[in-house]
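Below, each chain spelled out in residue letters.
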Amino acid sequence: MFDLKGKLALITGSSRGLGYTFAMGLGEAGAAIVLNGRDIEALEAAAQGLEKKGIRSYKAVFDVNDEESVVAEVKRIEKDVGPIDILINNAGLNLRHSLPDMPLEDWKKVLDVNLTGAFLLSREVSRGMIARKQGKIINICSMMSELGRPTTLAYSAAKGGLKMFTKALTVELAKYNIQVNGIGPGYFKTIMTKPLYTDREFDEWICGRTPAGRWGDPEELVGAAVFLSSDASNFVNGQIIYVDGGILAAL
Ligand code: GCO
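Residues numbered from 1 in each chain as written. Predicted model: local features only at pLDDT ≥ 70, side-chain atom pairs only at ≥ 80, totals over all residues. Heavy atoms only, no water.

*Asks:* Explain the site of the ligand to me, and be specific about the residues and the numbers.
*Replies:* Surrounding the ligand, one finds 14 residues, the nearest of these being Arg96, Ser142, Tyr155, Pro185 and Tyr187. Note that an oxygen atom of the ligand is positioned 2.8 Å from one of the side-chain N or O atoms of Asn94. Pro185 is positioned with one of its backbone polar atoms (N or O) 2.6 Å from an oxygen atom of the ligand. A total of 330 Å² of accessible area belongs to the ligand in isolation, and the protein chains cover 97% of it. Residue composition of the shell around the ligand, grouped by class: seven nonpolar, five polar and two charged. (Near = heavy atom within 4 Å. Polar contact = N/O pair within 3.5 Å; in protein donor to acceptor, adjacent residues only side chain to side chain. Areas by Shrake-Rupley, 256 points an atom, 1.4 Å probe, with all protein chains shown as cover. Nonpolar A, V, L, I, M, F, W, Y, C, P; charged D, E, K, R; others polar.)

Written out as structure tokens, the structure reads:
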């Protein structure tokens, strides 16, 4: 039921961070992986990491915001590698500023990468999924789809938007047997959160604020990703699974 053998998954932003963890996790469950990022060297390193575990992977170098490249690369992948069964919209970015200091450029960039990128990829990849009447789309949301904290204005707006995009897309695509869902991580130790977990005060605050009393280990997200990628979730539509150590349950 959870077996992903014979499936092809495109994971955006997968040369490092949580995206790489998803690539490894889906690969270990049997899927072949299309790695995506903007830096070919980082992608090559990630591909080697997967190969060591015997996971077949392909590389697609493109920026999730560049419409022309997204259109061309999705076509190329489907022609040269095969139909994309699973899309994980993972590429994400947080540029932290408080309101008075938030440059318009950074606001737009955060919305572009986290939200518009997911829209473009979903639009292009779903064309084939609709024709084949089968597919899985997983949007990597955040506990910040529900909550904010100072300096995360753009990120919270983008991730809240991504949650609602997940629901609205579900309503459009469910009849084609495409399941669209989200995963909402709490605080995980990754490249993106390095400035946070290396800050003693912040670290103590997060551990106190999280009922589980600790940061998440990226591997703890894999179960939800495999579930939402597999036949086990064929009647699960429009859900966000929060993997957050209980942070959203606590006041
Ligand atoms: C922050 C962080 C968070 C996390 C994460 C939580 O500045 O508080 O960047 O937003 O990275 O997405 O789910």
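*Asks:* Explain the pattern of salt bridges residue by residue, including any values.
*Replies:* Oppositely charged side chains are able to pair whenever their charged atoms sit close together. According to the stated counting rule, one finds eleven salt bridges in the structure shown. Residues Glu67 and Arg123 are paired through a salt bridge, measuring 2.8 Å at the closest nitrogen-oxygen approach. Taken together, the positions of Glu67 in helix α3 (residues 67-80) and Arg123 in helix α4 (residues 104-132) put the pair 56 residues apart, joining distant regions of the chain. Judged by its relative accessible area of 43%, Glu67 falls in the partly exposed class. Where Arg76 meets Glu73, a salt bridge forms, and the shortest distance between an N and an O atom there is 2.9 Å. A residue pair is termed a helical-turn pair when its members lie 3 or 4 positions apart in one helix, as Arg76 and Glu73 do in helix α3 at three residues. Classification of Arg76 as partly exposed rests on a relative accessible area of 30%. Each of Glu67, Arg123, Glu124 and Arg127 takes part in one network of salt bridges that share partners. (Salt bridge = Lys/Arg side-chain N within 4 Å of Asp/Glu carboxyl O. Helix = DSSP H or I, 4+ residues; strand = E, 2+ residues; numbered from the N terminus. Buried < 20%, exposed > 50% of the residue type's maximum accessible area, 1.4 Å probe, protein only.)

*Asks:* Now, about unusual backbone geometry: what can you tell me, with residues and values included?
*Replies:* For Thr151, which is not glycine, the phi torsion reads 85° and is therefore positive. As for its position among the elements, Thr151 is in the loop between β5 (135-140) and α5 (153-173). Owing to a relative accessible area of 24%, Thr151 belongs among the partly exposed residues under this scheme. Even without a glycine there, the phi angle at Asn177 is positive, about 60°. With respect to the helices and strands, the residue Asn177 is situated in the loop between α5 and β6 (178-185).

*Asks:* If you had to explain the sheet that holds strand β7 (residues 240-243) to someone new, which residues and values would you point to?
*Replies:* As summarised here, the arrangement of the seven strands in space is β3-β2-β1-β4-β5-β6-β7, forming an open sheet in which the pairing is parallel. This sheet does not close on itself; its edge strands, each paired only once, are β3 (57-61) and β7. Strand-to-strand twist of the sheet, defined as the mean angle between neighbouring strand axes without regard to direction, takes the value 20°. With three bridges joining them, strand β1 (residues 8-11) and strand β4 (residues 86-89) adopt parallel strand pairing. In the sheet register, Ile11 faces β4, and the bridge partner there is Ile88. (Pairing = 2+ DSSP bridges. Axes fitted to C-alpha atoms, helices over the stretch in contact; angles between N-to-C directions.)

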